[in-house]
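Each chain, letter by letter, is given below.
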Amino acid sequence: MELRTLRYFVAVAEELHFGRAASRLHMSQPPLSRAIKQLETEVGALLFVRSPAGVTLTPVGTVLLDEARALLEHADRLRVRVNAAAGLATLTVGILGDGTDPGVTRLAAAYRRRHPGIDIRVRDADLTDPTCGLRAGLVDVALTRAPFDETALTVRVLRADPVGVVLRADDPLARRDRLRLAELSDRRWFQFPLGTDPLWQSYWNGGRPREGPVVRAVQECLQAVLWNGTVGLAPLGHDLPAELAVVPLIDMTPSRVVAVWNEGDTNPLVRSFIDIAAGAYRH
């Protein structure tokens, strides 16, 4: 069995859907289906029960999933040890947003357990670059939020968070249980500097052009709300000063937390980081 085929199998087993697995692997569905059928031929048994809704693992598939994960983990450790011996045991991670996110905390602990000898360097990015320096070569992998231009990048969705509008606590709208974007059409919104990814800017402006002060960091956004009554969007679940409030938006698409790396990057430290991140953010 080839490691590549086992990675295909694990993706289908975790997604329980060939289409989603193919999207995750950045390949089309027909070659993925052929690879799984060939694997079933090699094993001599069905690995999945197929249905229009997706797939479920057979008992043989369940056993193979445990063994495949262990084998792939061992292969990654092998590559990491070889890289460490060659002086390549450093991984630079870009983080945009709240570094105290429980997902980040779980990921850090799990990665230290898996790779205790790796030197992790963290680059805290501002809001002007949703790739956290990935395109500029400043980081190996980024924990950030979509959407943004994904050209030449590979993106793995880790979680989706509902979004609300941040207001001053004494704002009349702050007493509402929920709001719609149209109710904020007459407000000033914070903006990102010229040159910021347009998909990123459009999302945080609720899908339409806005006017308001230019900001570069989360704290500048909060201060713009506090001092000027500016409104802006933020994922729910984050602590805010008592002077501010966040009201859920019922017509805003969720904010996707994603791990991003350069397309074609074969660094085993990056691949292991992505696999561990997917598990850490599932909890």
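Here goes a summary of the coordinates provided.

### Here's the deal with the layout of surface pockets
In this model, the largest pocket occupies a volume close to 1,200 Å³. If you trace the largest pocket, you find 36 residues lining it, with Arg-24, Leu-25, Arg-156, Arg-271 and Asp-275 closest to the centre. Elements represented by at least two residues in the lining of the largest pocket include exactly helix H1 (3-15), helix H2 (18-25), helix H4 (59-85), helix H5 (102-114), strand E6 (153-161) and helix H8 (268-280). Partitioned by chemical class, the residues of the lining of the largest pocket number 13 nonpolar, seven polar and 16 charged.

### A word on helix H3 (residues 29-43)
Taking 1.5 Å as the rise per residue, H3 with 15 residues should run 21 Å; its terminal C-alpha atoms sit 21 Å apart, in good agreement. Taken residue by residue, H3 has Leu-32, Ser-33, Ala-35, Ile-36, Leu-39 and Glu-40 as its buried positions. Looking straight down H3, one finds that the buried residues subtend no more than 160° of arc, so they occupy a single side. Set apart from the buried face of H3 by more than 90 degrees, the exposed residues are Arg-34, Lys-37 and Thr-41. Immediately beyond the C-terminal end of H3, within one or two residues, lies Gly-44, with a positive phi of roughly 85°.

### Comments concerning H5
Look at H5: 18 Å from first C-alpha to last across 13 residues, which is about the 18 Å you get at 1.5 Å a residue. Every buried residue of H5 is listed here: Gly-103, Val-104, Leu-107, Ala-110 and Tyr-111. Axial view of H5: buried residues confined to an arc of 135°, hence all on one face. In H5, the exposed positions that point more than 90 degrees away from the buried face belong to Arg-112 and Arg-113. Looking at the buried side of H5, the elements it contacts are strand E3 (90-96), strand E4 (119-125), strand E5 (141-146) and H8. For H5, the N-terminal capping position is held by Asp-101, with its side-chain oxygen 2.7 Å away from the main-chain nitrogen of Gly-103.

### Let's talk about the environment of Arg-208
Mapped onto the secondary structure, Arg-208 falls in the loop between helix H6 (198-204) and helix H7 (218-228). Every residue in contact with Arg-208, bar those within four places of it in the chain, is listed here: Ser-185 and Ser-202.

### Things to note about the pairing of strand E1 (residues 48-51)
Strand direction decides the pairing type here: E1 and strand E2 (residues 54-57), joined by four bridges, are antiparallel. Bridging from a neighbouring strand, Ser-51 pairs with Gly-54 of E2. Counting the residues in the hairpin turn of E1 and E2 gives two residues.

### Things to note about the nonpolar core
By size, the foremost hydrophobic cluster in this structure holds 28 residues, and its most contacted members are Val-165, Leu-167, Leu-179, Leu-184, Leu-233, Leu-249 and Met-252. Elements with a minimum of two residues in this core: strand E7 (163-168), H6, H7 and strand E9 (244-248). Residue contacts for Leu-184: discarding those within four places in its chain leaves Val-165, Leu-173, Leu-179, Trp-189, Arg-210 and Leu-249. Core analysis: the second largest hydrophobic core is formed by 23 residues, Ala-89, Val-257, Ala-259 and Ala-280 among them.

What counts and what doesn't
- Residues numbered from 1 in each chain as written.
- Predicted model: local features only at pLDDT ≥ 70, side-chain atom pairs only at ≥ 80, totals over all residues.
- Heavy atoms only, no water.
- 1 Å grid on protein atoms, 1.4 Å probe; cavity = no way out; pocket = protein on both sides within 12 Å on 5 of 7 lines; lining within 4 Å.
- Points joined across faces, edges and corners; volume = space filled by probe spheres on them.
- Helix = DSSP H or I, 4+ residues; strand = E, 2+ residues; numbered from the N terminus.
- Nonpolar A, V, L, I, M, F, W, Y, C, P; charged D, E, K, R; others polar.
- Expected span 1.5 Å × (residues − 1).
- Buried < 20%, exposed > 50% of the residue type's maximum accessible area, 1.4 Å probe, protein only.
- Arc of directions from axis to C-beta.
- Contact = heavy atoms within 4.5 Å.
- Polar contact = N/O pair within 3.5 Å; in protein donor to acceptor, adjacent residues only side chain to side chain.
- Pairing = 2+ DSSP bridges.
- Core = buried A, V, L, I, M, F, W, Y, C linked by side-chain atoms within 4.5 Å.

Read these as spatial facts, not as claims about activity.
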